[in-house]
Amino acid sequence: MEIIRVEGGHHLGGSVEVAGAKNSALKLMAATLLAPGVTVLTNVPNISDVHIMGKVLKHLGAKIEVRGVHELAIDTSEVSSWEAPYELVAKMRASTAVMGPLIGRFGRAVIAMPGGCNIGARKMDLHFLGLEALGVHFDNDHGYIYAEAADGLVGTTVTLSFPSVGATENLIMAAVRARGTTVIDNAAREPEIVDLIRMLNEMGAKISGAGTPVIEIQGVEELYPVEHRVVGDRIEAGTFLVAGAITGDELEVTGFAPSHLGMVLKKMELMGVQFETTGNGARVRRPGKILPTDIQTLPYPGFPTDMQAQVLALTALAQGSSVITENIFENRFMFASELGRMGADIRIEGHHALVRGVDGFSGAQVVSPDLRGGAALVLAGLVAEGETDVSAIHHIDRGYENFVGKLRSLGAHIERVDVADDTDF
Ligand code: EPZ
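Position numbers for residues count from 1 along each chain, tracking the sequence in the order it is written. Confidence filtering applies because this is a predicted model: local features only for residues at pLDDT of at least 70, side-chain atom pairs given and counted only at 80 or more, and all residues used for totals across whole chains, interfaces and linings. The basis for every side-chain value is the complete set of non-hydrogen atoms in the structure, without hydrogens or water.

### Quick word on the site of the ligand
The environment of the ligand is made up of 24 residues, and the closest members are Asp125, Leu126, Ser164, Asp306 and Ile328. We call two N or O atoms a polar contact when they sit within 3.5 Å, provided that within protein one can donate a hydrogen and the other can accept it, with sequence-adjacent residues counted only if both atoms are side-chain atoms. A distance of 2.7 Å separates an oxygen atom of the ligand from a polar side-chain atom of Ser164. Contacts to the ligand include Asp306, whose side-chain N or O atom sits 2.6 Å from an oxygen atom. Computed with a 1.4 Å probe, the accessible areas rest on the Shrake-Rupley method; for each residue, only the protein chains presented here act as cover. Contact with the protein chains removes 88% of the 820 Å² of surface that the ligand exposes when unbound. Where the shell around the ligand is concerned, the elements lending two or more residues are helix 1 (22–31), helix 5 (125–133), helix 6 (165–175) and helix 12 (371–383). Considered class by class, the residues forming the shell around the ligand number 9 nonpolar, 5 polar and 10 charged. Nearness is defined per residue: one heavy atom within 4 Å of the molecule or strand is enough. A run of H or I in DSSP becomes a helix once it reaches four residues, and a run of E becomes a strand once it reaches two; helices and strands are each numbered from the N terminus. Gly is put with the polar residues, along with every residue not named as nonpolar or charged; the nonpolar set is Ala, Val, Leu, Ile, Met, Phe, Trp, Tyr, Cys and Pro, and the charged set is Asp, Glu, Lys and Arg.

### Considering the pairing of strand 17 (residues 281–285)
Pairing between strands is defined by DSSP: at least two bridges between them are needed. Where strand 15 (residues 251–254) and strand 17 come together, 4 bridges link them in antiparallel fashion. Within the sheet, the bridge partner assigned to Leu251 lies in strand 17 and is Val284. When strand 16 (residues 274–278) meets strand 17, the two strands line up antiparallel, connected through 5 bridges. Bridging from a neighbouring strand, Gln274 pairs with Arg285 of strand 17. Between the antiparallel neighbours strand 16 and strand 17 lie 2 residues.

### Quick look at the packing of helix 1 against helix 7 (residues 191–202)
The contact between helix 1 and helix 7 brings their axes to 9 Å, and the two run at 30°. Put simply, helix 1 runs roughly parallel to helix 7. Between helix 1 and helix 7 lies a crossing of right-handed hand. Together, Asn23, Ser24, Lys27, Leu28 and Ala31 of helix 1 and Glu192, Asp195, Leu196, Met199 and Leu200 of helix 7 make up the contact between the two elements. Residues belonging to the contact of helix 1 with helix 7 are distributed by class as follows: 5 nonpolar, 2 polar and 3 charged. Axis definition: a line fit to C-alpha positions, over the contact stretch in the case of helices; interaxial angles, taken between N-to-C directions, run 0 to 180 degrees. Any angle from 65 to 115 degrees is called roughly perpendicular, while one under 35 is roughly parallel, one over 145 is roughly antiparallel, and all others are oblique. Throughout, a crossing is termed right-handed when the near helix is turned clockwise from the far one, and left-handed when it is turned anticlockwise from it by less than a right angle. Note on definitions: a residue-residue contact is assigned when non-hydrogen atoms from the two residues lie within 4.5 Å.

### Observations concerning empty space enclosed by the protein
Within this scheme a cavity is a closed region of a 1 Å grid, computed over the protein atoms alone, that accommodates a 1.4 Å probe without allowing it to escape, whereas a pocket is open but has protein on both sides within 12 Å along at least five of seven lines; lining residues each have an atom within 4 Å of a point. Grid points are joined across faces, edges and corners, and a volume is the space filled by probe spheres set on the points. Tallying each qualifying case throughout the model produces 1 cavity of 30 Å³ or more. What lines the largest cavity is simply Ala21, Asn23, Glu192, Asp233, Arg234, Ile235 and Arg372.

Written out as structure tokens, the structure is:
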């Protein structure tokens, strides 16, 4: 099995460009189902989650031509199935993003019910409530969701009790084909949703309010295939900015909009980190000590839960104590116990992590519990004394393209190592 081995204590420098956003690309790929023909997506990240979404679309009958490492031509003209099978949904719950577009195109969808994942139950009740309001009837049986809009979709006002990213996206992708106008109140405002709405409007949809809590969608008869560039990955960018902050080295991260990381940059500035932003990225430096700060994860534009682990690792080396509160997922502190094995002093009380800064980490063998926790453990390894071996790195490969190669290009002493899986007899 492969692990990531990083030797701490080496200085970073230079510049790194991030890929397109995983959490946009997956939905843009699903949205191609709404526009029969060939949609070309550029700046697509080369990560395993994109490969799985490609398998889902092919299972539905789409044809995908990889035109370059970051360019996909997706032909959905022959799509004839509306079933997302368990073996693919179980691999990646984001496969459920095909539910909205399948209902939009065919008036029905059969989706394997995703299980929970390492960070929480990941329910879908808000997706169902919203789509039912548009006229979709749901049944579930033997672990599958059967959705059908027998009389078609009729626009209405849907108020989400929580600004769920996935529910907002599925609702939008169904409502674009509803009769009449749909208003989503308390909608999610993430930049990836703005990117999805931008592409849908390029396809001929009539959606307003992107990035605000109230999104209005006027249903249209037809959508047309387009070419669209995936927005830069703000979370990958934030991860590399933390790499510079944690090592104290100056580096540049490009390929993203700093305005998409506003709260993260603000919080890190309170921790003594300095940024110089440009239209396409930011330079990071940390001249002095890391200062403690308290963080609450919240829906955008609040502090993103996907940056919680990375910044928590930074607070673990601060001069003082910090309280990190995770409001979005029920179980997103699992990497904290691994960080504790590297010397961090973190106590978990429910949704709060009470972090007492320590002087340094010591390298250790740690297990990546999930995508962002795994990345955070690698960042900790950059400054740990000695060597850190991070295993279960398939989690990291889901959302970071060439994470090791990019860190090496910045000067890190890091490599992927094939180690015998000691569970073999
Ligand atoms: C998206 O997940 C992202 N994934 C997540 O990124 C991200 O952390 C999350 O949004 C929040 O920003 C993708 O885009 C593929 P939610 P999603 O629906 O859509 C509860 C990463 O690391 N909820 O906003 O699943 C849910 O259980 C991943 O890249 C319901 O209760 O997020 C969770 O606690 C991790 N009922 C909270 O809301 C519902 O119907 C946020 O979920 C839907 C959600």
